[in-house]
Amino acid sequence: MDEQALLGLNPNADADFRQRALAYFEQLKISQDAWQVCAEALAQRIYSDDHIKFFCFQVLEHQIKFKYSELTEVQQQLIRETLITWLQAQMVNPQPEKTFIRNKAAQVFAMLFVTEYLTKWPKFFFDILSVVDLNPRGVDMYLRILMAVDAELVDRDVVHTSEEARRNTLLKDTMREQCIPSLVESWYQILQNYQYTNSELTCQCLEVVGAYVSWIDLNLIANERFINMLLGHMSVEVLREEACDCLFEIVNKGMDPVDKTKLVESLCQVLQSAGLFSIDQEDDVDFLARFSKLVNGMGQALITSWTKLVKSGDMKSAQDTLQAIEAKVALMLQLLIHEDDDISSNIIGFCYDYLHILKQLSALSDQQKTNVEAVMLAVMKKLTYDEEYNFENEGEDEAMFVEYRKQLKLLLDRLAQVSPELLLASVRRVFNTTLQNWQTTRFMEVEVAIRLLYMLAEALPVSHGAHFSGDVTKATALQDMMRTLVTSGVSAYEHTSVTLEFFETVVRYEKFFAVEHQHIPNVLMAFLDHRGLRHTNAKVRSRTAYLFSRFVKSLNKQMNPFIEDVLNRIQDLLELSPPENGYQALLSSDDQLFIYETAGVLIVNSEYSAERKQALMRNLLTPLMEKFKVLLEKLMMAQDEDRQMALADCLNHAVGFASRTSKAFSNKQTVKQCGCSEVYLDCLQTFLPALSCPLQKEVLRSGVRTFLHRMIICLEEEVLPFIPSASEHMLKDCEAKDLQEFIPLINQITAKFKRNLQTQVSPFLQQMFMPLLHAIFEVLLRPAEENDQSAALEKQMLRRSYFAFLQTVTGSGMSEVIANQGAENVERILITIIQGAVEYPDPIAQKTCFIILSKLVELWGGKDGPVGFADFVYKHIVPACFLAPLKQTFDLADAQTVLALSECAVTLKTIHLKRGPECIQYLQQEYLPSLQVAPEIIQEFCQVLQQPDAKVFKNYLKVFFQRAKP
């Protein structure tokens with residue numbers, strides 16, 4: 001072997017050596033006999049370096065996985081012997097191999113097992129067992145091999161082809177017949193031999209049992225000798241976590257419901273008599289988390305049995321099972337309320353399913369009602385933040401608690417289905433008690449009290465948030481709690497979690513303010529002062545900006561008395577932050593978008609006259625326009641790139657803010673009614689010069705493009721005069737991404753102004769059609785690095801956008817825009833559509849191309865179509881309908897490709913419709929014979945094509961190409 005290259009295998013080697021080692025590995029993989037050198041190195045223990053040993057196993061693994069069938073019988077035998085020799089050496093080596101080498105060796109064994117067990121090596125496991133006997137190092141390897149085999153056969157995370165899945169099923173069936181009983185016996189011997197002397201091997205063996213129990217005969221494991229041994233392990237500290245998991249897998253195994261109930265009950269009796277149900281005396285939380293998972297498994301198994309028994313009508317057994325379930329509830333509650341969230345989280349599934357059973361019962365017993373109440377109290381307690389929660393810097397622990405809270409919310413929702421009255425009464429009690437003394441109560445208790453009120457909105461669902469009408473009891477309770485919330489002064493509580501929960505809840509129950517609008521001023525002040533938008537915490541300010549905009553939108557006309565006051569108070573929050581380093585604005589530019597939207601909504605929804613609305617909107621937008629002009633001048637002069645970027649971002653924010661104010665308008669009508677068209681046209685004239693700025697083009701163009709999209713909706717045809725020059729600037733020096741984002745703007749205009757085709761859109765499209773296409777072609781033809789994935793993807797997306805544009809043009813009745821581009825250009829465009837349909841393996845683009853071709857045939861394919869188009873149909877379009885589906889890359893098992901084929905069928909049908917018998921004659925006598933299609937198939941094809949039902953032809957075409965492909 002190349003000793004120099006092998007030096008690069010060491011993780012501490014320098015980059016050149018590592019590169020050389022990688023190249024050497026690739027070289028060995030394609031070499032005919034390199035694997036033999038590696039096999040010899042392993043069998044004769046030539047190398048002591050761990051990384052070289054690992055490397056040798058990798059080369060063998062590659063040989064077995066990809067090139068095994070090329071080996072002779074003798075060579076295959078050599079690989080088997082190498083592995084067995086290596087395994088024998090493990091027993092006598094002075095030091096055991098490192099874990100990563102043992103794991104890699106086990107993977108290689110497993111790969112060879114999958115390849116050879118059914119044919120060449122049926123005694124695979126017996127040969128390994130005869131080598132390892134009960135030698136601890138040998139047993140370790142045997143167990144690792146078993147786990148690797150299980151991973152190959154049943155690992156749910158590995159995606160197997162249907163061929164591999166069939167092979168794996170056959171392997172498992174053969175194992176069950178030939179060797180599983182012997183393997184189970186070996187596991188029993190290992191457990192018995194090592195349970196008190198080698199906890200590591202015992203745990204490994206328990207893991208194997210747990211893995212295999214899901215697909216072998218359960219009776220081999222769920223019997224007295226095994227279960228007794230496992231239960232014995234439950235009281236041995238170093239074994240009990242693994243024993244717990246093993247019992248969980250046994251309980252989880254699918255089986256007859258009556259037998260499952262018996263199995264679970266017998267397990268429970270023994271676990272209980274062993275004192276394992278006394279949770280409060282156990283302080284090992286890792287074990288309790290596993291134990292909680294086991295109890296959850298047992299509970300859910302019993303509930304599955306109960307469901308099956310009820311379905312089958314065996315009410316006697318169902319009743320017995322229900323009693324068994326009820327008997328576990330006390331233990332479930334102890335685990336649910338446990339202070340460790342992992343332990344609590346592991347039992348939630350059982351708890352949820354238990355509540356689902358109660359929901360199905362016609363009436364609850366007193367004990368069941370008590371259980372429901374206990375779950376409710378547990379959920380309320382467990383929703384509470386603990387002291388350690390870090391609100392300023394949320395890490396993994398905090399994220400886990402947030403996820404855990406989501407699980408508890410599901411429980412709360414389920415409780416509401418079982419007993420909404422009880423939930424409402426419980427929340428009301430906790431809420432009122434807490435809010436009476438909020439000044440002296442810890443933040444987490446105040447937060448959870450408000451949180452519970454918030455959660456009721458989803459737990460007790462109503463249509464359109466109408467919580468304050470309908471059911472009087474519920475409406476009164478919620479109204480009382482909301483009144484308490486907004487009048488108690490709790491919004492002043494100095495903890496971010498309470499502040500945020502206050503605002504979230506106020507917005508969630510916005511309908512309350514329609515019933516009691518006298519509270520609106522207090523809540524508005526909370527939003528606008530140091531409790532909300534001016535809070536010391538940026539996270540609170542940011543979230544409040546969003547919530548404030550929602551609050552104002554929802555109150556609509558009720559905001560009238562406060563509009564001017566609110567606009568004055570938010571004035572400083574609307575200022576465009578200067579692009580100077582170190583300037584710290586209260587709100588980020590993203591947050592400011594919400595404030596601008598809110599200001600726009602306040603003005604537009606007000607009851608002021610159009611003149612007043614126009615004046616207010618001008619006051620809002622004029623400072624942005626003035627700043628924009630100044631900043632654009634500064635950008636033109638800026639030398640430093642960082643300074644340029646900062647200025648461009650700031651300009652972009654200004655455009656974005658103006659854009660956002662227009663969200664208050666639903667269409668042109670409302671803009672006109674408010675007298676605001678002129679203000680937005682002024683904005684347009686202010687912003688458009690940014691398109692000709694040679695610096696930071698991408699940022700500036702993106703902002704202006706978004707503004708144009710909005711203005712097409714708000715100003716409609718008043719925008720059209722600005723579009724040609726804007727387009728001209730946007731098509732200069734552009735990249736694939738620029739074009740890809742520009743095309744939707746043209747599509748929007750084309751679709752929006754269909755009715756003004758001749759007068760407005762058509763002339764504009766005629767004018768910019770070829771400049772746009774030239775820009776697209778120029779970008780698509782630019783050379784790119786062969787391995788540049790992102791450039792390839794950008795081109796693919798641009799191609800899709802180009803075809804989508806042509807689809808819009810042809811589909812909007814503007815095909816003459818294409819026809820008027822001159823014969824040479826028209827032909828070039830048509831050829832690109834044919835290329836898109838045939839040459840690029842992108843079914844989404846291919847589908848679009850066939851849609852365009854169908855449309856063009858429909859429009860131009862008749863007797864009075866453009867000169868030469870009929871020839872083009874036969875020379876290019878008909879062949880495209882066959883060449884595309886015949887390509888190897890055209891995968892008929894892929895859903896998108898089938899859609900493309902469907903459009904291909906429509907194209908052929910349309911050609912037949914427009915050209916009639918001439919089309920059939922061409923297919924029969926010229927085109928299909930040229931593809932060497934058999935005469936009887938040609939006959940069949942033409943007959944189906946002539947049938948009136950298009951669906952029949954679509955289905956036939958799929959079968960036609962499935963048959964035609966090798």
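Here the structure is a predicted model, which means the values were calculated and not measured.

## Some thoughts on the overall build of the chain
If you tally the helices and strands in the chain, you get 46 helices and 0 strands. Along the first, second and third principal axes, the C-alpha set of the chain runs to 90 × 90 × 65 Å. Within the chain, buried positions represent 51% of all 966 residues. When contacts within the chain are restricted to residue pairs at least 6 apart in sequence, long-range pairs at least 24 apart make up 72% of them. Total accessible area on the chain stands at roughly 44300 Å², and carbon and sulfur atoms take up 51% of it. Looking at the chain, you have 94 positive and 124 negative side-chain charges, and the mean spots of the two groups are 6 Å apart.

## Points about the side chain of Glu-242
With respect to the secondary-structure elements, Glu-242 resides in helix α13 (residues 240-252). Within the buried core, Glu-242 has no salt-bridge partner, and the shortest N-O distance to an opposite charge, that of Arg-290, equals 4.4 Å. Aside from chain neighbours lying at most four places away, what touches Glu-242 is Cys-203, Leu-206, Glu-207 and Arg-290.

## A word on the domain arrangement of the chain
By convention, interface size is frequently given as the accessible area that disappears when the constituent parts associate. Its domain assignment divides the chain into domain 1 (254-386 + 397-418) and domain 2 (822-965). Each of domain 1 and domain 2 was reduced to a C-alpha centroid, and the two centroids are 61 Å apart.

## Overview of helix α14 (residues 257-273)
One full turn of an α-helix is made of 3.6 residues, so residues set three or four places apart face in the same direction. Under the 1.5 Å per step criterion, the end-to-end length of α14 is 24 Å for 17 residues, consistent within 8% with the ideal 24 Å. When α14 is considered as a whole, its buried residues turn out to be Pro-257, Lys-260, Thr-261, Leu-263, Val-264, Leu-267, Cys-268 and Leu-271. Viewed along the axis of α14, the buried residues span an arc of 165°, placing them on a single side of the element. Along α14, exposed side chains directed more than 90 degrees from the buried face belong to Lys-262, Gln-269 and Ser-273. If you follow the buried residues of α14, they end up packed against α12 (224-233), α13, α15 (285-312) and α16 (315-336). Where α14 begins, the side chain of Asp-256 points an oxygen toward the backbone nitrogen of Val-258, at a separation of 3.1 Å.

## Notes on the layout of surface pockets
In this model, the largest pocket occupies a volume close to 690 Å³. Taken together, 24 residues form the lining of the largest pocket, with Glu-339, Asp-341, Thr-384, Asp-386 and Phe-401 sitting closest to its centre. Among the elements of the structure, α17 (341-346), α19 (366-382), α20 (396-418) and α22 (443-459) are those that each provide at least two residues to the lining of the largest pocket. Ranked by the residues each element gives to the lining of the largest pocket, the list is headed by α20, at 7 residues. When its residues are assigned to classes, the lining of the largest pocket shows 6 nonpolar, 4 polar and 14 charged. Taken as a whole, the second largest pocket encloses approximately 590 Å³ of empty space. Forming the walls of the second largest pocket are 25 residues, and the residues nearest its centre are Tyr-385, Arg-405, Glu-447, Arg-451 and Glu-501.

## Some thoughts on the nonpolar core
One finds Met-175, Trp-187, Tyr-212, Phe-291, Phe-882 and Phe-941 to be the most contacted residues of the largest nonpolar core, which totals 339 residues. Residues lining this core come from more than one domain, with at least three contributed by each of domain 1 (254-386 + 397-418) and domain 2 (822-965). Setting aside chain neighbours within four positions, we find Phe-882 in contact with Leu-908, Leu-923, Tyr-927, Leu-928, Leu-931, Phe-941, Phe-960 and Phe-961.

## Looking at the packing of helix α30 (residues 610-637) against helix α33 (residues 677-687)
Relative to each other, α30 and α33 sit at 5°, their axes nearing to 10 Å. As far as their axial angle goes, α33 and α30 are roughly parallel. Note on element contacts: α33 touches α30 through Glu-678, Val-679, Tyr-680, Asp-682, Cys-683, Thr-686 and Phe-687, opposite Gln-614, Met-617, Arg-618, Leu-621, Met-625, Phe-628 and Lys-629. Here the residues of the contact of α30 with α33 sort into 8 nonpolar, 2 polar and 4 charged.

The rules behind each value
Numbers given for residues are sequential positions, taken from 1 along each chain in its written order. Predicted model: local features are reported for residues with pLDDT of at least 70 only, side-chain atom pairs are reported and counted for 80 or more only, and whole-chain, interface and lining totals are derived from all residues. Based on all heavy atoms of the structure, the side-chain values leave hydrogens and waters out of the count. Here a strand is any run of E in DSSP of at least two residues, a helix any run of H or I of at least four, and the numbering for each starts at the N terminus. Buried, partly exposed and exposed residues are distinguished by accessible area as a fraction of the type maximum, computed with a 1.4 Å probe on protein chains only: under 20%, between the cut-offs, and over 50%, respectively. Residue contacts follow a heavy-atom distance rule, with two residues in contact if any of their heavy atoms lie within 4.5 Å. Only the protein chains shown count as cover for residues, and all accessible areas are computed by the Shrake-Rupley method using a 1.4 Å probe. None of His or the chain ends enter the tally, which takes Lys and Arg as positive and Asp and Glu as negative. In plain terms, the charge of a residue is placed at NZ if it is Lys, CZ if Arg, CG if Asp and CD if Glu. Just to be clear on terms, a salt bridge is a Lys or Arg side-chain nitrogen sitting within 4 Å of an Asp or Glu carboxyl oxygen. Domain limits in this description derive from either an automatic procedure or a database domain assignment. To estimate the expected span of a helix, count its residues, drop one, and scale the result by 1.5 Å. This arc describes the spread of directions from the helix axis toward the C-beta atoms. Counting of polar contacts relies on pairs of N or O atoms within 3.5 Å, with two restrictions inside protein: one atom must be capable of donating a hydrogen and the other of accepting it, and residues adjacent in sequence are counted only when both atoms are side-chain atoms. Both site types are read off a 1 Å grid over the protein atoms alone. A 1.4 Å probe that fits but cannot get out defines a cavity, while an open set with protein on both sides within 12 Å along at least five of seven lines defines a pocket; lining residues have an atom within 4 Å of a point. Grid points are joined across faces, edges and corners, and a volume is the space filled by probe spheres set on the points. Three categories are distinguished: nonpolar for Ala, Val, Leu, Ile, Met, Phe, Trp, Tyr, Cys and Pro, charged for Asp, Glu, Lys and Arg, and polar for the others, with Gly belonging to the last. As used in this record, nonpolar core signifies buried Ala, Val, Leu, Ile, Met, Phe, Trp, Tyr and Cys residues forming a set joined through side-chain atoms within 4.5 Å. Helix axes use the C-alpha atoms of the stretch in contact, all axes being lines fitted to C-alpha atoms, and the angles between their N-to-C directions lie in the range 0 to 180 degrees. With respect to orientation, any angle under 35 degrees is reported as roughly parallel, any angle over 145 as roughly antiparallel, any angle of 65 to 115 as roughly perpendicular, and every other angle as oblique.

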